[in-house]
Structures are given as structure tokens and as C-alpha cells.
Amino acid sequence: MMFIADAMLGRLAKWMKIMGCDVAYYRRIEDRELVHLALKDNRMILTRDTLLVRRKRAKGNFFLVEGNSYKDQLKQVAKQFSLNPYENLLTRCIECNIPLTEIDREKVKELIPEYVYGNQKNFLTCPGCGRIYWPATHKDGIMKTLEEIFRT
Ligand SMILES: [Zn+2]
């Protein structure tokens, strides 16, 4: 399932991408354009905007997100769409919303700090922006946050 989030849901979109979900997000986008993209790519609209959902073409293809904190929102969306927070964790570029692919360790040697190269065996790259990803220390922080959100 693919999603598109409105401009007010940046943090929710980011965390969904961390979980590996396909979420289109634009900081500036008009309602009409957002609804158009949703229809074109068959994406579920995630929105906090009750005006947007009154648009005729958005009918039946949106989920009204409640709650002001991204944690509440994430919990709500995961429940609604039966998303497993851990299944596809860190498999997608947070910037480009593109699935990461494996890259040979030798190929990244010149691109990353030496201590990382020395400590990590597996690397992923984004075909969009070329960024290199590895199971970094921040994964612990992410896990902690997700466990906090989904504990109850
Ligand atoms: Zn990228």
C-alpha cells in the first residue's frame, strides 16, 4: 500500500519511511495537486485537513489523521492499515522515498569514514541520491522510540 501525506504531516511521513512505508511527501503542495498525485499513483491520502477531504476527487481515498503528536499519529495509522513497524525497518531512503539497495563494501570504502568501514559489514545505498546507509548507532534510538510508541 502506498501513501501520500499532506504538508502538515512531515514527521509522520518521515517515521513511516523509517518503517519502510512508501510515503510521498512534499513540504509545499496545493490540495488539488496532492489529490491529483494520489489518484495518479493510487496512493492513500493521509491528511489532517478536513477541507481537503471535502474535495470530490478525494472521496473514499483518504484517512483523516487525528492527534497532534507524530507518535499518536503513527500509532493510529499503523493500526488502521495493519503496518508492522519492524518488518521493513530502515529499507527506504528517508529523503527520496526510494527502496535502498545493497552495495558492495569495497565500493563505499572511499565514501565513508574509516571507522565506519572498519566496524560495519553491510551497506545499503539509495539509487536516487546515492546516500550510503549502514546499521548505525541511531538504529538503537529509532528502536527505542518505536517500542515506546507501540508498547501499548
Ligand atoms: Zn535518497
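In what follows, the structure referred to is the one given above.
So, here is what we can say about the structure in this document. Since we're looking at a predicted model, the values are computed, not measured.

Some points on the overall build of the protein chain
Next up, step 1: Secondary structure summary: the protein chain contains six helices and seven strands in total.
Next up, step 2: Going from the N terminus to the C terminus, the protein chain shows its helices and strands as β-α-β-α-β-β-α-β-α-α-β-β-α.
Next up, step 3: Along the first, second and third principal axes, the C-alpha set of the protein chain runs to 55 × 35 × 20 Å.
Next up, step 4: Evaluated residue by residue, the protein chain yields a buried proportion of 22% over its 152 residues.
Next up, step 5: A separation of at least 24 residues holds for 50% of the contacts in the protein chain among residues at least 6 apart in sequence.

What to know about the pairing of strand E3 (residues 44–47)
Residues in a regular strand point their side chains to alternate faces of the sheet.
Next up, step 1: As paired elements, strand E1 (residues 2–5) and E3 share three bridges and run parallel to each other. Counted as the bridge partner of Ile4 is Ile45 from E3.

Topic: the sheet that holds strand E5 (residues 101–103)
Next up, step 1: If you trace the three strands from one edge of the open sheet to the other, you get E5-E6-E7, paired in antiparallel fashion. Every other strand in the sheet has two partners, leaving E5 and strand E7 (132–133) as the edge strands with one partner each.
Next up, step 2: Across two bridges, strand E6 (residues 123–125) lies against E7 in antiparallel orientation. Its bridge partner lying in E7, Thr125 is registered against Ile132.

Examining the sheet that holds E1
Next up, step 1: Read across the sheet, four strands follow the order E2-E1-E3-E4 without closing on themselves; strand pairing throughout is parallel. Bordering the open sheet on either side are strand E2 (22–25) and strand E4 (62–64), each of which pairs with just one other strand. Geometrically, the sheet is characterised by an average inter-axis angle of 25° between neighbouring strands, direction not taken into account.
Next up, step 2: Here E1 runs beside E2; their pairing, made up of four bridges, is parallel. The residue bridging Met2 from the neighbouring strand is Asp22, located in E2.
Next up, step 3: On top of the sheet, helix H2 (residues 31–41) reaches E1, E2 and E3; it is set at about 175° to E1, its chief contact.

Overview of the packing of helix H1 (residues 10–18) against helix H3 (residues 70–80)
Next up, step 1: At a closest axis distance of 9 Å, the pairing of H1 and H3 adopts a crossing angle of 55°. The angle between H1 and H3 falls in the class oblique. The two elements H1 and H3 cross, and the hand of that crossing is right-handed. In this structure, H1 contributes Arg11, Leu12, Trp15 and Met16 to the contact, and H3 contributes Tyr70, Gln73, Leu74 and Val77.

Points about the nonpolar core
Next up, step 1: Ala5, Leu12, Met16 and Leu46 are the most contacted members of the largest nonpolar core, which totals 23 residues.
Next up, step 2: Among the elements of the structure, E1, H1, E2, H2, E3 and H3 are those that each provide at least two residues to this core.
Next up, step 3: When sequence neighbours within four positions are dropped, the list of residues in contact with Met16 reads Phe3, Cys21, Val23 and Val77.

Digging into the environment of Tyr26
Next up, step 1: Residue position: Tyr26 is located in the loop between E2 and H2.
Next up, step 2: Overall, the presence of 15 C-beta atoms within 10 Å leaves Tyr26 in the partly exposed class.
Next up, step 3: Between the C-alpha atom of Tyr26 and that of Thr91, which follows or precedes it by 65 residues, the distance is 20 Å.

Conventions adopted
Residues numbered from 1 in each chain as written. Predicted model: local features only at pLDDT ≥ 70, side-chain atom pairs only at ≥ 80, totals over all residues. Helix = DSSP H or I, 4+ residues; strand = E, 2+ residues; numbered from the N terminus. Buried ≥ 20, exposed ≤ 12 C-beta atoms within 10 Å, placed from the backbone. Contact = placed C-beta atoms within 7 Å. Pairing = 2+ DSSP bridges. Axes fitted to C-alpha atoms, helices over the stretch in contact; angles between N-to-C directions. Parallel < 35°, antiparallel > 145°, perpendicular 65-115°, else oblique. Left-handed = near helix turned anticlockwise from the far one by under 90°. Core = buried A, V, L, I, M, F, W, Y, C linked by C-beta atoms within 7 Å.

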